[in-house]
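# Breakdown of the fold
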Amino acid sequence: MINESVSSKFVNFKKGLLICLSGPSGVGKGTIIEALKLAGTPLTHSISITTRQPRPGEIDNVSYYFRSREHFHELLETGEILEHDEYCGNLYGTPRAPIEALLAEGTDVIMDVTVPGSLETIVNFPDAISIFLLPPSFSELRRRLTNRGTESADVIEQRMKKAIYEVRQAAKFKYIIVNEDVNQTAKVIHHILDAERHRSERCIGIEDYILGR
Ligand code: 5GP
């Protein structure tokens, strides 16, 4: 096991990890991110920009930056959006500047994004850690989406249809986890991040340091 105080001297080790979490709506991405934080995993959840209407209880600039389509397109044109996608009629995007600043200062960042959003991010950040969450079954996904009570029957149907396409993209991700139990899934992600921190690419030059050269 590489000693933290030694490996932290290496630039790539000090850089924060970028995690792209995808999976069908209702699979539990938000709940997993909360569970990771509660378990003490040091992660910052990137706040996205969306043109979707806020749901009851959602707060502007906290849950999302709720913006008009015009504003979203302006941000796209000026390059302020790192990745974006249109999902069930609404635009979603990740602001670029906060992510780049957090990674540079060594903070790990988790993005909760659509499949194309993760794939676009990996093109720009090839060492991003992509994780796909699968539901235990399609009937369980429908149950979770319905029980959440945040979407109309129409929207649930749209999201279930989209889920078929999304599940078929799972193999494009570095890791796949079936989200049966929130705490178990959070534990697996915690272990993945631990292992990723110790990849040899993150410790370039460590041999010379150890050998005193
Ligand atoms: P919801 O409307 O349920 O909040 O989100 C719908 C979908 O949009 C979810 O699958 C979520 O992962 C995705 N999403 C949220 N923020 C972003 C983003 O910034 N970029 C992309 N590409 N997808 C996002």
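What comes next is a walk through the structure. Please read all numbers here as calculations on a predicted model, not as lab measurements.

### Here's the deal with the site of the ligand
Around the ligand lies a shell of 17 residues, among which Ser-48, Arg-52, Tyr-64, Tyr-92 and Asp-112 are the nearest. At 2.8 Å from an oxygen atom of the ligand is found a side-chain nitrogen or oxygen belonging to Lys-29. For the ligand, an oxygen atom lies 2.7 Å from a polar atom in the side chain of Arg-159. The protein chains hide 95% of the 510 Å² of surface that the ligand would expose on its own. The cavity where the ligand resides is the largest pocket. Elements with a contribution of two residues or more to the shell around the ligand: β5 (81-87) and β6 (90-95). Across the shell around the ligand, the residue classes tally to four nonpolar, five polar and eight charged.

### Digging into the environment of Leu-17
With respect to the helices, strands and loops of the structure, Leu-17 is situated in the loop between α2 (11-14) and β1 (18-22). A relative accessible area of 1% means that Leu-17 is categorised as buried. Taking C-alpha positions, Leu-17 is 22 Å from Val-182, a pair spaced 165 residues apart along the chain.

### Things to note about unusual backbone geometry
Even without glycine at this site, Asn-61 takes up a positive phi of about 75°. Relative to the helices and strands, Asn-61 is located in the loop between β3 (49-50) and β4 (65-66). Phi angles above zero are rare outside glycine, and Cys-88 is one such case at about 45°. Among the structural elements, Cys-88 can be located in the loop between β5 and β6. Residue classification places Cys-88 among the partly exposed residues on the basis of a relative accessible area of 23%.

The rules we used
- Residues numbered from 1 in each chain as written.
- Predicted model: local features only at pLDDT ≥ 70, side-chain atom pairs only at ≥ 80, totals over all residues.
- Heavy atoms only, no water.
- Near = heavy atom within 4 Å.
- Polar contact = N/O pair within 3.5 Å; in protein donor to acceptor, adjacent residues only side chain to side chain.
- Areas by Shrake-Rupley, 256 points an atom, 1.4 Å probe, with all protein chains shown as cover.
- 1 Å grid on protein atoms, 1.4 Å probe; cavity = no way out; pocket = protein on both sides within 12 Å on 5 of 7 lines; lining within 4 Å.
- Sits in = over half its atoms within 2 Å of the grid points.
- Helix = DSSP H or I, 4+ residues; strand = E, 2+ residues; numbered from the N terminus.
- Nonpolar A, V, L, I, M, F, W, Y, C, P; charged D, E, K, R; others polar.
- Buried < 20%, exposed > 50% of the residue type's maximum accessible area, 1.4 Å probe, protein only.

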